[in-house]
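What follows is the residue order along each chain.
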Amino acid sequence: MSNAELAVSYAALILADDGVDITADKLQTLISAAGVQDVEPIWTSLFAKALEGKDVKDLLLNVGSGGGAAAAPAGGAAAGGDAPAEEKKEEEKEEANEESDEDMGFGLFD
């Protein structure tokens, strides 16, 4: 990782820790205040676009968990109340069909 990438990463972490929106201008201001030289503006705009609308603290806490996408629907259903029983049954049937490899006629070691 180059010094420019590292500087922008640290600047993004600082802004996220303070609860400030991460923008290219704010990243560049922080990097300039730190006295880091030779950081091209493309790095700040790339990082700002990549982190736009994302909770950086949440990203850091869930690194490597791999199950973040599946938890969102469950939390939304719990917050919104009970979902109809028909939808739950349809989802279970779809999952069962997707997980079954036996009907394809081959296995892992065939």
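How each quantity is defined
Residues numbered from 1 in each chain as written. Predicted model: local features only at pLDDT ≥ 70, side-chain atom pairs only at ≥ 80, totals over all residues. Heavy atoms only, no water. UniProt positions renumbered as here; feature names shortened; annotations may be inferred. Patch = residues over 30% accessible without salt bridge, like charges linked within 9 Å, V, L, I, M, F, W, Y side chains within 5 Å. Areas by Shrake-Rupley, 256 points an atom, 1.4 Å probe, with all protein chains shown as cover. Salt bridge = Lys/Arg side-chain N within 4 Å of Asp/Glu carboxyl O. Helix = DSSP H or I, 4+ residues; strand = E, 2+ residues; numbered from the N terminus. Core = buried A, V, L, I, M, F, W, Y, C linked by side-chain atoms within 4.5 Å. Buried < 20%, exposed > 50% of the residue type's maximum accessible area, 1.4 Å probe, protein only. Contact = heavy atoms within 4.5 Å.

An unreviewed UniProt entry lists the protein under the name Large ribosomal subunit protein P1, with Amylocarpus encephaloides as the source organism. Taken from UniProt, the Sequence similarities (unreviewed entry) comment for the protein reads in full: "Belongs to the eukaryotic ribosomal protein P1/P2 family." In its Function (unreviewed entry) section, the UniProt entry covering the protein states "Plays an important role in the elongation step of protein synthesis."

Enquirer: What is the right way to read a nonpolar patch on the surface from this model?
Expert: Residues Met1, Leu6, Tyr10, Leu13, Leu60 and Val63 make up a contiguous nonpolar surface patch of about 640 Å² in total accessible area. Broken down by element, the residue count for the nonpolar patch peaks at three residues, all from helix α1 (residues 3-18). As for its position among the elements, Leu60 is in helix α4 (residues 56-61).

Enquirer: What is the right way to look at unusual backbone geometry in this model?
Expert: Glycine aside, negative phi is the norm for most residues, and most peptide bonds take the trans geometry. Even without a glycine there, the phi angle at Asp38 is positive, about 60°. Turning to its location among the elements, Asp38 is positioned in the loop between α2 (24-34) and α3 (41-51).

Enquirer: Looking at this structure, how should I read the nonpolar core?
Expert: Most often, soluble globular proteins have nonpolar side chains that are buried together. In this structure, Ile22, Leu27, Ile31 and Val39 are the most contacted members of the largest nonpolar core, which totals 14 residues. At the level of elements, α1, α2 and α3 are the ones that each hand at least two residues to this core. If we ignore the near neighbours within four places in the chain, the residues touching Ile22 are Ala12, Leu15, Ala16, Leu27, Ala48, Leu51 and Val56.

Enquirer: For this particular structure, what's the right way to read the environment of Ala7?
Expert: Among the secondary structure elements, Ala7 is positioned in helix α1. Assessed through its relative accessible area of 12%, Ala7 is described here as buried. Here the alpha-carbon distance between Ala7 and Val39, two residues 32 residues apart in the chain, equals 8.0 Å. Not counting residues up to four positions away in its chain, the partners in contact with Ala7 are Ile31, Val36 and Val39.

Enquirer: What exactly am I supposed to notice about the side chain of Ser9 here?
Expert: With respect to the secondary-structure elements, Ser9 resides in helix α1. If near-sequence neighbours (up to four positions away) are discounted, Ser9 is found in contact with Met1 and Phe47.

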